Amino acid sequence: IKTLGVMKAELTAPPFVPAPVGKRVAKKLIVDMEIIEEVAEMDNGVEYVYWTFGGSVPGSFIRTRVGDEVEFTLKNHPDNKLPHNIDLHAVTGQGGGAEASFVAPGQQRTFTFKAINPGLYVYHCATAPVGMHIANGMYGLILVEPIGGLDPVDREFYVMQGDFYTKGKHGEKGLQDFDLQKAIDENPDYVVFNGKVGSLTGDNAIKAKVGESVRIFFGNGGPNLASSFHVIGEIFDKVYLEGGSKVNENVQTTLVPAGGSAMLEFTVESPDNLVLVDHSIFRAFNKGALGILSVEGEENEKVFGGVIAEGPYNPETKIDDGTPPIETEVVVDENPGEPVTTTQNIDEVMAKGKKLYAQNCLACHQPEGQGIAGAFPPLAKSDYLNKDTDRAINVLLNGLNGEITVNGDTYNSVMPAQRLSDEDNAAVLTYIYNNWGNNGTVVTPEQVKKQR
Ligand code: HEM
Ligand code: CU
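Reading the values: the criteria
- Note that residues are indexed from 1 along each chain, following the sequence as it is written.
- Written order determines the labels here, with chains lettered from A and ligands numbered from 1.
- At least 70 in pLDDT is required for a residue's local features to be given in this predicted model, at least 80 for side-chain atom pairs to be given and counted, and no such filter applies to totals for whole chains, interfaces and linings, which use all residues.
- Water and hydrogen atoms were dropped before computing side-chain values, which therefore reflect all heavy atoms in the structure.
- A pair of strands is considered paired only if DSSP assigns at least 2 bridges between the two.
- Secondary structure elements are defined from DSSP: runs of H or I of at least 4 residues count as helices, runs of E of at least 2 residues count as strands, and each element is numbered from the N terminus.
- Simply put, an axis is a line fit to the C-alpha atoms, just over the touching stretch for a helix, and the angle between two N-to-C directions goes from 0 to 180 degrees.
- With a 1 Å grid spanning the protein atoms alone, the term cavity applies to any set of points in which a 1.4 Å probe fits but cannot get out, the term pocket to an open set with protein on both sides within 12 Å along at least five of seven lines, and the term lining residue to any residue with an atom within 4 Å of a point.
- Grid points are joined across faces, edges and corners, and a volume is the space filled by probe spheres set on the points.
- Nonpolar residues are Ala, Val, Leu, Ile, Met, Phe, Trp, Tyr, Cys and Pro. Charged residues are Asp, Glu, Lys and Arg, and all others, Gly as well, are polar.
- Throughout the structure description, domain borders are defined by an automatic or database domain assignment.
- In this text, near means that some heavy atom of the residue lies within 4 Å of the molecule or strand in question.
- Whenever two N or O atoms come within 3.5 Å, that pair is a polar contact, provided that in protein one can donate a hydrogen and the other can accept it, and provided that, for residues adjacent in sequence, both atoms are side-chain atoms.
- Assignment of a molecule to a cavity or pocket requires that more than half of its atoms lie within 2 Å of the corresponding grid points.
- Donor atoms: N, O and S within 2.8 Å of the metal, or within 3.2 Å for Na, K and Ca. Because water is excluded, sites can look incomplete.
- Angular criteria define each label, namely tetrahedral for four donors with all angles between 85 and 135 degrees, square planar for four and octahedral for six donors with opposite donors over 155 degrees apart and remaining angles between 65 and 115, and irregular for whatever fails these tests.
- Buried means the residue's accessible area, taken with a 1.4 Å probe over protein chains only, is under 20% of the maximum for its type, while exposed means over 50%, and partly exposed covers the values in between.
- The length a helix should cover is 1.5 Å for every residue beyond the first.
- In this description, contact between two residues means that some pair of their heavy atoms is separated by no more than 4.5 Å.
- By definition here, a salt bridge exists when the distance from a side-chain nitrogen of Lys or Arg to a carboxyl oxygen of Asp or Glu is within 4 Å.

Draft legend 1. Up close: the sheet that holds strand S14 (residues 213–222). Spatial strand order, S12-S10-S14-S19-S16-S17: six strands in an open sheet with mixed pairing. The sheet is open, and its two borders are formed by strand S12 (190–193) and strand S17 (247–251), each paired with just one other strand. Neighbouring strand axes in the sheet, compared pairwise and without regard to direction, differ in orientation by 20° on average. Pairing of strand S16 (residues 236–240) with strand S19 (residues 260–267), which is carried by three bridges, proceeds in the antiparallel orientation. Across the sheet, Tyr-240 pairs through a bridge with Met-263, a residue of S19.

Structural data, given as structure tokens:
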């Protein structure tokens, strides 16, 4: 019997992966993993007690090859409160190693298995209550490369989705407890990549250069939801379906079940922020399942041409039939500083404003200006609106993004600029200011014009 050489496995925290196996021969691979229970941030000001394999969610990435004999040591830190274990889907045998790896706090246990089938496999804790251990972050990926290794690529990333259930609703600050009933109802407050909101956005965005080939090792820890994984602005050249050996090509969105995975390959052709989402899209924009792959390099017009023409479109514009245009009245402010007296009748302005509101604002700000909690701020009794008329005019002219506070609640979203005339902007604002408990300001077209 020939004995295998011994090698210590490199373990990495997301979004990084260990070096490829390449042509190396099968080895006895030593995996040394520590379970850590710790408080970390799930969202701005929102904290959670995560249970982790190796101190990250998802847990450390393990990279092996077919034929490796893995000697796995699982250590449960003495400061931890609970016993844990590991079920690796790459293992053929009892519970994927669950029984053999069961460890109490302050204990360690070593077991061995042989990597037989190539593929990208999920591992997770399987200690009762199993759902709770997974919901608290106890999952990760183990890759078993085929003989000869996967094809080399320029960049590899580790991304894993998970759903989280907190006592408070999405965004509620402070240390949040696990909510068992929400987990049973499969109604998560957070659906995120790599354990928290914003793990792959802003400074944490993953990066590539134009022309590079990218591989994402994507896993889904669940515990409940399947993921409709999609990258906005990109097409997957190859998808290793369900993390197995079968390859599909030219895929827009791939379905990854809870406890499953996929390997995705594509080449980035133009310098954009590609957006990673769960295309069950409210999860992306309202629960956190959103990440950025930032691509830098030269613009490539052969791939994406950008805007080549632009102009007003008004299907109601009449062709000139010889009738003279309707004269519009010009109001001159003869007494600057004094309130402007419009010749327009206030009832007409209000009627026009009501109609404009229904056409342009109601879909988001709602019929009575009540808004939608967490998404669209209220216009009814809005302190933000009532405090500063010029600022409100600017919101309509230029749109608004970034964090604002309205009646004590924060919003951090995007409102598109409204393409309305000075008269229409004035009418819709006057309508809003004279309804729903607002301060009765009359906004004039001149005031709007000054802000342009
Ligand atoms: C914010 C008015 C259309 C989404 C605001 C604010 C005003 C306003 C005054 C400041 C916050 C407040 O006082 O509550 C209007 C008017 C509209 C209009 C008069 C129509 C002419 C829309 C539409 C959308 C939208 C169509 C959705 C597509 C938002 C969002 C914010 C906002 C998301 C908060 C932006 C942020 O978080 O920075 N809007 N809005 N609005 N509006 Fe509108
Ligand atoms: Cu556990």
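Draft legend 2. Focus on the layout of surface pockets. Put simply, the largest pocket is a space of about 1,600 Å³. If you trace the largest pocket, you find 35 residues lining it, with Asp-43, His-170, Asn-286, Gly-374 and Asn-412 closest to the centre. At the level of secondary structure, the elements contributing two or more residues to the lining of the largest pocket comprise strand S2 (28–43), helix H4 (282–286) and strand S23 (409–415). Of the residues forming the lining of the largest pocket, the biggest block, six residues, is contributed by S23. Its residues placed into classes, the lining of the largest pocket shows 12 nonpolar, 13 polar and 10 charged. Looking at which domains feed residues into the lining of the largest pocket, each of domain 1 (1–309) and domain 2 (346–451) gives three or more. In this structure, the second largest pocket spans a volume of roughly 510 Å³. For the second largest pocket, the lining is made up of 29 residues, of which His-365, Pro-377, Leu-379, Val-395 and Met-415 are closest to its centre. Counting only elements with at least two residues in the lining of the second largest pocket, the list comes to helix H6 (362–365), helix H7 (383–387), helix H8 (389–398), strand S22 (400–406), S23 and helix H9 (422–433). Classifying every residue of the lining of the second largest pocket gives 23 nonpolar, six polar and no charged.

Draft legend 3. Focus on the site of ligand 1. Contacts to ligand 1 come from 27 residues, most closely from Cys-361, Cys-364, His-365, Pro-378 and Met-415. Within the backbone of Pro-378, a nitrogen or oxygen atom sits 2.6 Å from an oxygen atom of ligand 1. At a threshold of 2 Å from the grid points, most atoms of ligand 1 map onto the second largest pocket. Counting only elements with at least two residues in the shell around ligand 1, the list comes to H6, H7, H8, S22 and S23. When its residues are assigned to classes, the shell around ligand 1 shows 19 nonpolar, eight polar and no charged.

Draft legend 4. Representation of the coordination of the iron atom of ligand 1 in the model. The iron atom of ligand 1 binds to the protein through His-365 (NE2) and Met-415 (SD), with metal-donor distances spanning 2.0 to 2.1 Å. Angles of 87 to 179° at the metal separate the six donor atoms of the iron atom of ligand 1, which places the site in the octahedral class. Note that His-365 is positioned in helix H6 and Met-415 in strand S23, a separation of 50 residues in sequence. We classify His-365 as buried; its relative accessible area is 10%. Look at Met-415 and you get partly exposed, because its relative accessible area is 22%.

Draft legend 5. Summary view of H9. Between its first and last C-alpha, H9 extends 16 Å over 12 residues, near the 16 Å set by a 1.5 Å rise per residue. Most of H9 sits inside the fold, with 11 of its 12 residues counted as buried. For H9, the set of buried residues is Asp-422, Asp-424, Asn-425, Ala-426, Ala-427, Val-428, Leu-429, Thr-430, Tyr-431, Ile-432 and Tyr-433. The secondary structure elements touched by the buried residues of H9 are helix H5 (346–360), H7, H8 and helix H10 (445–451).

Draft legend 6. Expanded view of the sheet that holds strand S4 (residues 62–65). Strand order in this open sheet of four strands is S4-S9-S8-S6, and the pairing throughout is mixed. One side of each edge strand has no neighbouring strand; the edge strands of this open sheet are S4 and strand S6 (87–88). In this structure, strand S8 (residues 119–124) lies alongside strand S9 (residues 139–145), joined through six bridges in antiparallel fashion. Looking at S9, one finds that Val-122 is bridged to Leu-141.

Draft legend 7. Quick look at the domain arrangement of the chain. Assigned domains of the chain: these are domain 1 (1–309) and domain 2 (346–451). Distance between the C-alpha centres of domain 1 and domain 2: 43 Å.

Draft legend 8. Quick look at the coordination of the copper ion (ligand 2). Of the protein atoms, only His-84 (ND1), Cys-125 (SG), His-133 (ND1) and Met-138 (SD) coordinate the copper ion (ligand 2), at distances of 2.0 to 2.5 Å. Every donor counted, the four donor atoms about the copper ion (ligand 2) form angles of 87 to 136° at the centre, which fits irregular coordination. Spacing between the donor residues of the copper ion (ligand 2) along the chain follows H-x40-C-x7-H-x4-M. On the criterion of sequence distance, the pair formed by Cys-125 in the loop between S8 and helix H2 (130–135) and Met-138 in the loop between H2 and S9 is long-range, its members being 13 residues apart. Judged by relative accessible area, Cys-125 falls into the buried class, the value being 0%.

Draft legend 9. View of the pattern of salt bridges. Under the defined criterion, the tally for this structure stands at 12 salt bridges. With its nearest N and O atoms 3.1 Å apart, the salt bridge here joins Lys-28 to Glu-71. Residue Lys-28 is found in strand S2, and its partner Glu-71 is found in strand S5 (residues 69–76); the two are separated by 43 residues along the sequence. One salt bridge in this structure joins Lys-75 and Asp-32, with 3.0 Å as the shortest N-O distance. Taken as a pair, Lys-75 in strand S5 and Asp-32 in strand S2 lie far apart in primary sequence, 43 residues in all. Through salt bridges with shared partners, a single ionic network connects Arg-63, Glu-145, Glu-156, Arg-215 and Glu-265.

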